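Fold and contact review
Residue-level listing of the chains:
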Amino acid sequence: MTYSHEVEHMCVVKKGPNHGPAPIPEEGKWVKAKEIVDISGLTHGVGWCAPQQGACKLTLNVKNGVIQECLVETLGCSGMTHSAAMASEILPGKTILEALNTDLVCDAINTAMRELFLQIVYGRTQSAFSEGGLMIGAGLEDLGKGLRSQTGTLYGTLAKGTRYLELTEGYITRMALDKDNEVIGYEYVHMGKFMEQVKKGVDANEALKAVTGTYGRFKPEQGAVKYIDPRKE
């Protein structure tokens, strides 16, 4: 190690007590993290690209510094879906430091990794106070049945008002309006459950009926006087 001339000629002042890093909560324990292997936890992060055309939600389950599980969800950019496919192969098996310094193909995913890294190394994880942390596979629980991301797609104009296209329950097929033309309910198809039924050999029309539901005051006796297809009307 090379020292400058000024430092070479300084006298030594002995270092006092060294208490180490402040402990952070990790999977039900307080840990003084000094190495990457000291880090564990499951958490989420959100990232965006420079032109802000799309966003990524990234979920990682880290055990002893190594990523054991990842969930990559993207929104708003077609190219990001392919980037996410590659990122899902790249991330498992890497340490969080390696992942932070690896090109995850898309700026939004890279940014999500950065934000998530900060949460993990500061002990701000979802599993910070869960003894033993969360099992590998916990990342899928956010998706629910059908294993589809929780997405919402809504569109509105001043001239024609709102259009519900997709909500948590699923793909919106009809909106119910009352006598004042205000939205009071909607009909939806749960696409994840629909595809599961079709894969099992159920007739598509029967499967569609089985997974179609309504929310709010959708029936005429509940005040609905008009139904519209949000994609056509």
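Residues numbered from 1 in each chain as written. Predicted model: local features only at pLDDT ≥ 70, side-chain atom pairs only at ≥ 80, totals over all residues. Heavy atoms only, no water.

With that settled, consider the overall build of the protein. The number of helices and strands found in the protein is six helices and eleven strands. At 25 Å, the protein has a C-alpha radius of gyration far larger than the 17 Å of a compact globule built from 233 residues. Taking all 233 residues of the protein together, 35% fall into the buried category. Here the contacts in the protein between residues at least 6 apart in sequence split such that 50% fall between residues at least 24 apart. Per element, the accessible surface of the protein, about 14,700 Å² overall, is 54% carbon and sulfur. Counting 25 positive and 28 negative side-chain charges, the protein places the averaged centre of each group 4 Å from the other. (Helix = DSSP H or I, 4+ residues; strand = E, 2+ residues; numbered from the N terminus. Rg over C-alpha atoms; globule rule 2.2 N^0.38 Å. Buried < 20%, exposed > 50% of the residue type's maximum accessible area, 1.4 Å probe, protein only. Contact = heavy atoms within 4.5 Å. Areas by Shrake-Rupley, 256 points an atom, 1.4 Å probe, with all protein chains shown as cover. Lys, Arg positive; Asp, Glu negative; His and termini not counted. Charge placed at Lys NZ, Arg CZ, Asp CG, Glu CD.)

Another aspect to go through is the pairing of strand S7 (residues 161–167). Looking at chain direction, strand S6 (residues 153–157) and S7 are connected through five bridges and run antiparallel. Bridge pairing links Tyr-155 to Arg-163 in S7. Strand direction decides the pairing type here: S7 and strand S8 (residues 170–177), joined by two bridges, are antiparallel. Paired with Glu-166 across the two strands is Tyr-171, which belongs to S8. (Pairing = 2+ DSSP bridges.)

Let us now look at the state of the cysteines. The tally for this structure, following the rule as stated, stands at zero disulfides. In this structure Cys-77 is not part of a disulfide, and its nearest cysteine sulfur, from Cys-49, lies 6.4 Å away. Looking at the unpaired Cys-106, the closest cysteine sulfur is the one in Cys-49, lying at 6.3 Å. (Disulfide = S-S within 2.5 Å.)

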